[in-house]
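Analysis of the macromolecular model
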Amino acid sequence: YTCHALSFGGKLSRHNLEILQTGEQTETTLNGLTMISDRQVGDTHSAIALNYPHSTSTQLHKCIVGDRAHAVFNGKVFVPKAAQLTNAGQLNRNLLLSSKARVDTKPQLEITADNVKCAHGATVSQLEDDEIFYLQSRGINEDDARKLLINAFAAEIINQIPVKSLQAVLLNTVNSLKSLTNN
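In this text, all values refer to a predicted model and were calculated from it rather than measured experimentally.

The next subject is the pattern of salt bridges. According to the stated counting rule, one finds 5 salt bridges in the structure shown. Close ionic contact of Lys 62 with Glu 156 constitutes a salt bridge, the shortest N to O distance being 2.6 Å. Of the two residues, Lys 62 sits in strand E5 (residues 56-65) while Glu 156 sits in helix H2 (residues 142-158), which places them 94 residues apart along the sequence. Residues Arg 102 and Asp 104 are paired through a salt bridge, measuring 3.1 Å at the closest nitrogen-oxygen approach. With a relative accessible area of 45%, Arg 102 lands in the partly exposed category. Salt bridges linked by common partners bring Lys 62, Arg 93 and Glu 156 together as one network.

If you want it as structure tokens, here you go:
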């Protein structure tokens, strides 16, 4: 099962993913991108239950948060004793574009199996002044430098979508979201 979930905001948006693997050697890939600004709230919750051996699960969810927006990521991966030789990874990466933007992130693993490879993590960062300066030193103005960095952050998710024409539309949408590039 593969899911690509992209959210470009709403006053309040919530996405709940509940995945229950029902057999051996199953593969699950969850890719998510949330882009919010103003006073929007983007809330993502996921629960993945790996109940059989030899299964894999990969989740990457990214949030780009501008203005006074608030993003939430709460992901859980359950690996019971029966799910031996499971490989599960969960990562939440967040980019804050203003000092008022907020992210609450809580990736979780609940593992009772003893022969598994599982990892989880979260990062929260902002656009770095030295990255913007580097691009400016190459003749790119500040606004375009910020857009380029935001686009690169989002592209890791968008490029996973198998339809090239849809990728182009989504990257264009990311570039056109003006309020995200303001401080």
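That was the structure; now back to the text.
Spatial strand order, E1-E3-E5-E7-E9: 5 strands in an open sheet with parallel pairing. What marks the edges here is a single partner per strand, and that holds for strand E1 (2-7) and strand E9 (117-126). Adjacent strand axes in the sheet meet at a mean angle of 5°, parallel and antiparallel pairs treated alike. Here 10 bridges tie E5 to strand E7 (residues 87-96), and the two strands are oriented parallel to one another. The residue bridging Ser 57 from the neighbouring strand is Ala 88, located in E7. H2 rests against E1, strand E3 (27-36), E5 and E7 of the sheet, and its axis sits at about 155° to E5.

Calculation criteria
Residues numbered from 1 in each chain as written. Predicted model: local features only at pLDDT ≥ 70, side-chain atom pairs only at ≥ 80, totals over all residues. Heavy atoms only, no water. Salt bridge = Lys/Arg side-chain N within 4 Å of Asp/Glu carboxyl O. Helix = DSSP H or I, 4+ residues; strand = E, 2+ residues; numbered from the N terminus. Buried < 20%, exposed > 50% of the residue type's maximum accessible area, 1.4 Å probe, protein only. Pairing = 2+ DSSP bridges. Axes fitted to C-alpha atoms, helices over the stretch in contact; angles between N-to-C directions. Contact = heavy atoms within 4.5 Å.

Remember, this is a structural readout, not a statement about activity or role.
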